[in-house]
Amino acid sequence: MIKITFITADGAEHVTEGRAGLSLMEVARMADVPGILAECGGACSCSTCHVHVDPGWVAQLPEKDEMEADLLDFASDVDEATSRLSCQITVTVDMDGLRVSIPAEQG
Amino acid sequence: MSHIAVIGAGQAGSALAAKLRTLGFDGRITLIGAEPVPPYQRPPLSKKYMAGEMALERLYLRPTRFYDDQDITLVTDTRVAAIDADSMTLRMEDGSTLSTDQIALTTGADPICLPPALGGDQPGIYTMRSLADADAMAPEFVPGRRVLIVGGGYIGLEAAAVAASKGLTVTLVEMAPRILARVAAAETADWIRAMHKGHGVDIREGCALNGLARSGDGPFTATLSDGSTLEADFVICGIGVRPATALAETAGLALDNGIAVDEFGRTSHDRIFAAGDCASFPWKGQRIRLESVPNAIDQAEATAATMLGQGAPYVARPWFWSDQYDVKLQIAGLNTGYDRVIVRPGDKPGSQSHWYFRGGTLLAVDAMNDPRAYMTGKRLIEAGQSPLPEAVADATTPLKSLPLAASIAA
């Protein structure tokens, strides 16, 4: 099992079961985690699936590409080190225990 | 117990039903869809799903158990034939009835088909709207086959990109003088046309389809308005959609380019509401109808709040996207009424943005592989701010420090 925890802006922890091959955004959607809007459905065309990755996990995730970096550069509540678009992170078995927080506002 | 029926189980219907629960509605919710599957995302149908890069399961908006968990009765494969507005009763196509207290119409839009007079009623001609459309068409996408695409809007162009990428021979005909005539400036059309030509797509503009003939299982012969003919193994029709208003008509609702609603999602009947592609609504002094996912979600959620007596006016923040080949096109705003387009080269090769102005007011931005320009334009438009056009045109002025026009005092 790949346990992934989403922490919503109110501090609530949503522990979900990830599946390798799905995106982090899709894992959240399947578990009905609130706050990840993902309006473009994972096409890396909006920035409404923005999450902050737990600092301890940042280095273990694949790096963001230019498109993702550019979108994030203009999103709200961005932290250069920890901000990611959850639709661009494909879940792997190595991500068991991953923790990410969802900002209060998307877009 | 109060009962709300949501008719139409697409993006808007699904968002509206879910929002009713989030806002605390504890009555009965019935979500009724004509298609045999749970609510799913339509945009990938003409993009990643059609390209075979996205499994069916990933199209679904929610896991099936979501509807049980939320106590939403999802009724699929069912069409509502009529609404009796006086008694708030739905009559299904199978003759059964359902009594409700409030109704939300999220019926979406239906693709316009080629008229039978042009040969549009033959097998081998497809529209691109539903999962069933995409699945029916999939076996045709074999390298070397010839496809004729009728219509040079975003759907037709996305289909052309998937087909060309799969090694099909693609011809696209557009009746108007140029592609994207209804939705984008000539500058954007030029850019997109050049991209498709680079991938071998034969684009013929100002060229109407006069007829499609087919003998048996053989290829189609298309007759075009320039007098030429061409052969195609199958045809995709992307000539637009019409808001699905038939049910609203049975209820006697006011229509105006779709089901007319106010900024709260209210129709002309006090217990019937509408949202998404099927609904036209007031926006900046005009009445508009948007065919887009963000509008479907946002308007549906605002309407759900209205239905529970918690409504606030819905202010649309239009944005759109399209994926073609390796190009991501992102559009912020609505360009209706523009009188000037500023072209701004992007930071990277192949990236560019087109900024639509009316006078000094920024209306919209088309960004090709230029998410920074898109995000900048979106933020400015939503804040009601306009950058100076000459600064936009100067690529050496960073996006983050574009000088703004002095706001025009109201």
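Each remark here, short or long, concerns the structure printed above.
So, here is what we can say about the structure in this document. (Residues numbered from 1 in each chain as written. Chains lettered and ligands numbered in written order. Predicted model: local features only at pLDDT ≥ 70, side-chain atom pairs only at ≥ 80, totals over all residues. Heavy atoms only, no water.)

**Considerations on the sheet that holds strand 5 (residues 99–101) of chain A**
Residues and elements named next belong to chain A. Pairing in this open sheet of five strands is mixed, and the strands run 2-1-5-3-4 from one edge to the other. Of all strands in the sheet, those bounded by a partner on one side alone are strand 2 (13–18) and strand 4 (83–85). Strand-to-strand twist across the sheet, computed as the mean angle between neighbouring axes with direction ignored, equals 35°. For strand 1 (residues 2–7) and strand 2, the ladder comprises six bridges, and the chain directions are antiparallel. Residue pairing for strand 2: Thr5 is matched across the bridge by Val15. (Pairing = 2+ DSSP bridges. Helix = DSSP H or I, 4+ residues; strand = E, 2+ residues; numbered from the N terminus. Axes fitted to C-alpha atoms, helices over the stretch in contact; angles between N-to-C directions.)

**Notes on the side chain of His196 of chain B**
All names here are of chain B. Here His196 shows up in helix 5 (residues 186–198). Within the structure, His196 has its side chain in polar contact with the side chain of Gln324 (distance 2.7 Å). The residues touching His196, leaving out its near neighbours within four places in the chain, are Leu157, Ala160, Ala161, Val201, Ile203, Gln324 and Tyr325. (Polar contact = N/O pair within 3.5 Å; in protein donor to acceptor, adjacent residues only side chain to side chain. Contact = heavy atoms within 4.5 Å.)

**Here's the deal with the packing of aromatic side chains**
Residue and element names in this part refer to chain B. Counted under the stated rule, the structure contains seven aromatic pairs over all chains. Look at Tyr126 and Phe234: their rings are 6.1 Å apart centre to centre, the planes differ by 80°, and that puts the pair in the edge-to-face class. Taken together, the positions of Tyr126 in strand 9 (residues 125–127) and Phe234 in strand 16 (residues 234–237) put the pair 108 residues apart, joining distant regions of the chain. Each member of the pair, Tyr126 as well as Phe234, is classed as buried. A centroid spacing of 5.5 Å and a plane angle of 55° characterise the contact between Phe281 and Tyr314, whose relative ring orientation is tilted. Separated by 33 residues along the polypeptide, Phe281 in strand 20 (residues 279–283) and Tyr314 in the loop between helix 7 (293–307) and strand 22 (319–324) bring together distant segments of the chain. (Phe/Tyr/Trp six-rings, centres within 6.5 Å; stacked < 30°, edge-to-face > 60°. Buried < 20%, exposed > 50% of the residue type's maximum accessible area, 1.4 Å probe, protein only.)

**Quick notes on the pattern of salt bridges**
Inspection of every chain in the model, using the stated rule, returns 26 salt bridges over all chains. The partner of Arg19 of chain A in a salt bridge is Glu57 of chain B, with the nearest N and O atoms 3.1 Å apart. One end of the pair, Arg19 of chain A, is in the loop between strand 2 and helix 1 (24–30); the other, Glu57 of chain B, is in the loop between strand 2 (28–32) and helix 2 (65–69), on a second chain. Since its relative accessible area comes to 40%, Arg19 of chain A is described here as partly exposed. Beyond isolated ion pairs, a larger network of salt bridges with shared partners links Asp70 and Asp73 of chain A together with Asp347, Lys348, Arg372 and Lys400 of chain B. (Salt bridge = Lys/Arg side-chain N within 4 Å of Asp/Glu carboxyl O.)

**A word on helix 7 of chain B**
For an α-helix the count is 3.6 residues per turn, leaving residues at separations of three or four pointing the same way. All names here are of chain B. Over its 15 residues, helix 7 runs 21 Å from end to end, which matches the ideal 21 Å to within 8%, given 1.5 Å per residue. For helix 7, the buried fraction is high: 13 of the 15 residues fall into the buried class. The N-cap of helix 7, judged by a side-chain oxygen 3.3 Å from the amide nitrogen of Asn295 a few residues on, is Ser292. Just downstream of helix 7 lies Gly309, where phi reads positive at about 75°. (Expected span 1.5 Å × (residues − 1).)

**Some remarks on unusual backbone geometry**
Of note, the phi angle at Ala38 of chain A is positive, near 50°, even though the residue is not glycine. For Ala38 of chain A, the position within the fold is in the loop between helix 1 and strand 3 (50–53). Classification of Ala38 of chain A as buried rests on a relative accessible area of 10%. In this structure, Asp71 of chain B is a non-glycine residue whose phi angle is positive, near 55°. On the secondary structure map, Asp71 of chain B appears in the loop between helix 2 and strand 3 (72–75). Given the relative accessible area of 53%, Asp71 of chain B is considered exposed.

**Points about the packing of helix 4 (residues 154–165) of chain B against helix 5 of chain B**
All names here are of chain B. The contact between helix 4 and helix 5 brings their axes to 11 Å, and the two run at 20°. One way to sum up the angle between helix 4 and helix 5 is to call them roughly parallel. By crossing handedness, the relation of helix 4 to helix 5 is classed as left-handed. Counting all contacts with helix 4, which are made through Tyr154, Leu157, Ala160 and Ala161, the residues of helix 5 involved are Thr188, Ile192 and His196. For the contact of helix 4 with helix 5, the class distribution of residues is five nonpolar, two polar and no charged. (Parallel < 35°, antiparallel > 145°, perpendicular 65-115°, else oblique. Left-handed = near helix turned anticlockwise from the far one by under 90°. Nonpolar A, V, L, I, M, F, W, Y, C, P; charged D, E, K, R; others polar.)

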